[in-house]
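# Observations on chain architecture
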Amino acid sequence: MPDNADLPLPVDENIPGYVERLTYLESLEAPSAQRRRKLATRAWNGVWPIGLAIVLVLVIWQLIHLSGWKKAIFPGPGATLSNLWHQLGTGLLWHAIATTAERAIIGFALAVLIGAVIGALLSRIKPLRAAVGSLITGLQTLPSIAWFPFAIILFGISTQAILFVIILGAAPSVANGLIAGVDYTPPLLLRAGAMMGLSRLSLYRHLILPASLPAFVAGLKQGWAFAWRSLMAGELLVIIANQPSLGVLLSTDQDQSDMESAVAIIIVILILGVIVDQLFGVADRGIRRRWGLTGSN
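### Some thoughts on the overall build of the protein chain
A tally of helices and strands in the protein chain yields 11 helices and zero strands. Taken from N to C terminus, the helices and strands of the protein chain fall in the order α-α-α-α-α-α-α-α-α-α-α. Out of the 297 residues belonging to the protein chain, those deemed buried represent 32%. Considering only contacts within the protein chain whose residues lie at least 6 apart along the sequence, 71% involve residues at least 24 apart.

So, in structure tokens, the structure goes:
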């Protein structure tokens, strides 16, 4: 009996060759087309809620302005957005955004580093956690603005004072997020790691940290919220000469009673916060997708 693998495939002589080639090329393009459609759908699902929220805010804002409530000091959306567009055409606003973003990145990075070290120590050393665990939570609930008189005495009117308060505002949330993630690591995984002969450091690196990642990312997100608020309060209170920032522009507009410019700066601050929140959302969805906590789509 001849082997079926050696038999030639049947060819329909009634189908022209170019049709077969086109069909083959379409079959190659189908997966990429499906991926593009999925990406487009995912992008649309992420954009339209934000667009709808912006439209609702603008409509409510315009209605309040038309009602005449505080019309002398509360500008309408048209005048404010026009002012914002004008400021975006100048270098001062972009310089201020760059200064504020640099402080935010440096301060939050230091807070993540310090908070992660403290959280790792407290999560594995029970006597240390019993001693200072409540203090970490207390620092998290303390308003960051309360630290500024102390920071100014220590560092003077400088960027270091602002970074100091950012770290104190964000590091406790990062530490508590890591501690919560370690606490909810399944004991079965810990026993499996011990049976595999993992050392304490390897156990923490390859098992405990990945298992605590969702809670840690939640702590990072909360820590960023505290860091951003601490930064804005710091830039309003610690005004450094020749260093324009969003807080300095907002304070200057307030002193000059330029409410259109002040509200425009507030919109910029809000937009930057939303962008960072979206980045954390992407990271969170990626983790949940990797853990199988979302659907196949």
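### Looking at the environment of Arg 200
Inspection of the secondary structure assignment puts Arg 200 in helix H8 (residues 200-211). When its relative accessible area of 65% is taken as the criterion, Arg 200 is described as exposed. For Arg 200 and Arg 124, which are 76 residues apart along the polypeptide, the C-alpha to C-alpha distance reads 9.9 Å.

### Concerning a positive patch on the surface
On the surface, Lys 38, Arg 42, Arg 285 and Arg 289 cluster together into a patch of positive charge. Among the elements of the structure, helix H1 (17-67) and helix H11 (259-290) are those that each provide at least two residues to the positive patch. Mapped onto the elements of the fold, Lys 38 is located in helix H1.

### Considerations on a nonpolar patch on the surface
A surface patch of nonpolar side chains, about 680 Å² in accessible area, is lined by Ile 106, Leu 110, Leu 113, Ile 114, Val 117, Ile 118, Leu 121, Ile 125 and Leu 128. When residues of the nonpolar patch are assigned to their parent elements, the largest contribution, seven residues, is made by helix H3 (residues 91-124). Positionally, Ile 106 belongs in helix H3. On the accessibility criterion, Ile 106 (36% relative accessible area) is partly exposed.

### Structural notes on the nonpolar core
One finds Leu 93, Trp 224, Trp 228, Leu 231, Leu 246, Ile 265 and Ile 269 to be the most contacted residues of the largest nonpolar core, which totals 47 residues. Those elements that provide at least two residues to this core are H3, helix H5 (148-155), helix H6 (159-183), H8, helix H9 (213-237), helix H10 (246-255) and H11. Take this core: its biggest share by element is 11 residues, from H6. Discounting residues that sit within four places of it in the chain, Ile 269 has contacts with Trp 228, Met 232, Leu 246 and Leu 250.

### Let's talk about the side chain of Ser 212
By the secondary structure assignment, Ser 212 is in the loop between H8 and H9. Ignoring any residue separated from it by four or fewer positions in sequence, one finds Ser 212 in contact with Leu 178, Gly 181 and Val 182.

### What about the confidence of the model for the protein chain?
This prediction gives the protein chain a mean pLDDT of 81; 86% of its residues lie at or above 70. The weakest mean pLDDT in the protein chain belongs to H1 at 72; the strongest belongs to H3 at 91.

### A closer look at the packing of H5 against H6
Taken N-terminus to C-terminus, the directions of H5 and H6 make an angle of 140°; their axes are 9 Å apart at the nearest point. Of the possible angle classes, the one that applies to H5 and H6 is oblique. Crossing hand, H5 versus H6: right-handed. From H5, Phe 148, Phe 150, Ala 151, Leu 154 and Phe 155 reach across to H6, where they touch Gln 160, Ala 161, Ile 162, Phe 164 and Val 165. Residue composition of the contact of H5 with H6, grouped by class: nine nonpolar, one polar and no charged.

Criteria and cut-off values
Residues numbered from 1 in each chain as written. Predicted model: local features only at pLDDT ≥ 70, side-chain atom pairs only at ≥ 80, totals over all residues. Heavy atoms only, no water. Helix = DSSP H or I, 4+ residues; strand = E, 2+ residues; numbered from the N terminus. Buried < 20%, exposed > 50% of the residue type's maximum accessible area, 1.4 Å probe, protein only. Contact = heavy atoms within 4.5 Å. Patch = residues over 30% accessible without salt bridge, like charges linked within 9 Å, V, L, I, M, F, W, Y side chains within 5 Å. Areas by Shrake-Rupley, 256 points an atom, 1.4 Å probe, with all protein chains shown as cover. Salt bridge = Lys/Arg side-chain N within 4 Å of Asp/Glu carboxyl O. Lys, Arg positive; Asp, Glu negative; His and termini not counted. Charge placed at Lys NZ, Arg CZ, Asp CG, Glu CD. Core = buried A, V, L, I, M, F, W, Y, C linked by side-chain atoms within 4.5 Å. pLDDT = per-residue confidence, 0-100. Axes fitted to C-alpha atoms, helices over the stretch in contact; angles between N-to-C directions. Parallel < 35°, antiparallel > 145°, perpendicular 65-115°, else oblique. Left-handed = near helix turned anticlockwise from the far one by under 90°. Nonpolar A, V, L, I, M, F, W, Y, C, P; charged D, E, K, R; others polar.

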